[in-house]
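What the coordinates show
Here's the letter readout for the chains.
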Amino acid sequence: VVFTEEDKFGLYSNLLFKYFLTEGIVCGHDLFVASAKEHPDSILKELPAPLLDDTHGKELGDEAVKSEDFQDSMKIAWRYQNLPKMEASPTTQTKFGHYYDISKKMSPELCQSVKWHSFYLHEELSAEPKVGAWNMNSGYARLLQSIQRIISQEGFDGSDPQKKQRNILRIGIQSLGSPLWGDDVCCSDAPEDPHSLTKFLYALRGLLRKSLSACIITVPAHLIQNKAIMERVTNLSDMVVGLESFIGSERETNPLYKDYHGLVHVHQIPRLNSLICDVSDTKDLAFRVKRKLFTIERLHLPPDLSGTVSRASKQDLAGSAGLLSSGCGAVAMGKRHLDF
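Residues numbered from 1 in each chain as written. Predicted model: local features only at pLDDT ≥ 70, side-chain atom pairs only at ≥ 80, totals over all residues. Heavy atoms only, no water.

Looking at an unreviewed UniProt entry, one finds the protein named Elongator complex protein 4, with Polioptila caerulea as its source organism. Recorded in UniProt under Sequence similarities (unreviewed entry), the annotation for the protein is "Belongs to the ELP4 family." (UniProt positions renumbered as here; feature names shortened; annotations may be inferred.)

The following block contains the structure:
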C-alpha cells in the first residue's frame, strides 16, 4: 500500500496518482481505478503520454552531468580538487522505469492495450454489498467487495492457483476518506465513525498480501484533524509519502524556492521481513513541474544570497538548513526522477 498525502489543492498528488497508473499500462499490468470525485474513465483519458524513444531521459542525464561539471568549477577552495569524487546520485546516467510527457495525453490505442476495471461510487450506490458483516462505511464496503471480486475472478489470488497467466493488478484509489465517500473524518475532530477508514485499510491490506497486486491511495490528510486516525492509517500502510505544495504559502514567493513547486516528505518506506517500517534518511526532496516533465529532486539552496533576500527569507533558509541532510547546503545534488 502506497499512501500519498494530498497537497491542499490536489494538483500534484493527482499527477503522482496518474504516473502510477501510466507506468502500469506501459508495463502491461491490469488496472483497477476507484474514485468518488471523478469518473475513472475521465482519469484514464488524462494520463500522460509515455516517452518511448527515451530522448528526454538522455537529456535529463546530460543535464545532470552538466550540473556536476558546473559544481566542479565552483569549488569552495582549490585544495578540494584533488580529493576523490563522491557520486551524488547512483542513477544519474542509468535509466530506471519510464519518462512521461505531461503536456500530451496517452493515445487511446495504448490505453486500451491493457485490461482495466473501474469503480465509480455514485454508480455503485444502487448495488448492496453481498457481505454485510464488515461493519464499515457502505462506500468502503462496496469498494472492498469489488476489489475482492476482481482479484478472485481475474486470477490475481496467489492463494488460489489458477490456469490463467499471472499478471500484476495495479489498484488506484483517489481521495479516500473525503466526504464524497460518505466519511466524516475530514469534517470533524470527533467523527461519528472514526474506524471505517482503518477497517477498510486493514481488510485491503489482507487482500493485497495474498494477491499479485499493489495499491496507491491518495488521502486529503491536511483535512483530517484527528491525529490518532492518521497514526492508525500510517501504521496500516507500507509506504507513506506527503506532498507539500507552495501554492498559497509564503514559500511561493520566496526566492529560496523559486526553482521548485513543493516539497516531498517521505515519512515511511517498506522494510522486508520486519514488523516495523523504515524511515527514510533522505529529508531534502523537492518537486517541480517543467513544461513536459514532473521531477523529484534533492533540494539544494542557492550558494549565495543577494541583497534582495529579506530577513524572513534568511530565517527560512536557516530552517531549511536543518531540513537538509549534511553536505547538501551549498552544493546542488543529483536529481532523482520519479519512476514507478
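This is not the end of the story, as more comes after the structure.
Points about the pairing of strand S11 (residues 294–298)
Along S11, five of the five residues are buried, which leaves the element largely enclosed by surrounding structure. Both strand S10 (residues 285–289) and S11 contribute to a ladder of five bridges, which runs antiparallel. For Phe287, the partnering residue across the bridge sits in S11 and is Ile296. Hairpin connection of S10 to S11: four residues between the antiparallel strands. (Buried < 20%, exposed > 50% of the residue type's maximum accessible area, 1.4 Å probe, protein only. Helix = DSSP H or I, 4+ residues; strand = E, 2+ residues; numbered from the N terminus. Pairing = 2+ DSSP bridges.)

Notes on empty space enclosed by the protein
Inspection of every chain in the model, using the stated rule, returns two cavities of 30 Å³ or more. In this structure, the second largest cavity spans a volume of roughly 30 Å³. Glu6, Gly10, Ser13, Asn14, Lys37, Gln174, Ser175 and Thr218 together form the lining of the second largest cavity. Residue composition of the lining of the second largest cavity, grouped by class: no nonpolar, six polar and two charged. (1 Å grid on protein atoms, 1.4 Å probe; cavity = no way out; pocket = protein on both sides within 12 Å on 5 of 7 lines; lining within 4 Å. Points joined across faces, edges and corners; volume = space filled by probe spheres on them. Nonpolar A, V, L, I, M, F, W, Y, C, P; charged D, E, K, R; others polar.)

Details of the pattern of salt bridges
As enumerated under the stated definition, the model contains six salt bridges in all. Among the salt bridges present, the one from Arg298 reaches Asp284, with a minimum N-O distance of 3.5 Å. Highlighted residues: Arg298 in strand S11 and Asp284 in the loop between strand S9 (262–268) and S10, separated in sequence by 14 residues. We classify Asp284 as buried; its relative accessible area is 0%. The residue Arg288 makes a salt bridge to Glu297 at a minimum N-O spacing of 2.9 Å. (Salt bridge = Lys/Arg side-chain N within 4 Å of Asp/Glu carboxyl O.)

Thoughts on the confidence of the model for the protein
On average, the protein scores 77 in pLDDT, and the residues at 70 or more come to 71%. A low-confidence stretch, residues 321–340 (pLDDT under 50), is modelled with 58 contacts involving residues beyond four sequence positions or located in other chains. (pLDDT = per-residue confidence, 0-100. Contact = heavy atoms within 4.5 Å.)

Examining the nonpolar core
Ranked by internal contacts, the top residues of the largest apolar core, which has 39 residues, are Leu143, Ile173, Leu176 and Phe200. Counting residues per element, the ones that place at least two in this core are strand S2 (30–35), helix H6 (138–153), strand S6 (169–173), helix H7 (196–209), strand S7 (213–219) and helix H8 (227–235). Beyond its immediate sequence surroundings of up to four residues, Leu176 is in contact with Tyr140, Leu143, Trp181, Leu197, Phe200, Leu201, Ile217, Thr218, Val219 and Pro220. (Core = buried A, V, L, I, M, F, W, Y, C linked by side-chain atoms within 4.5 Å.)

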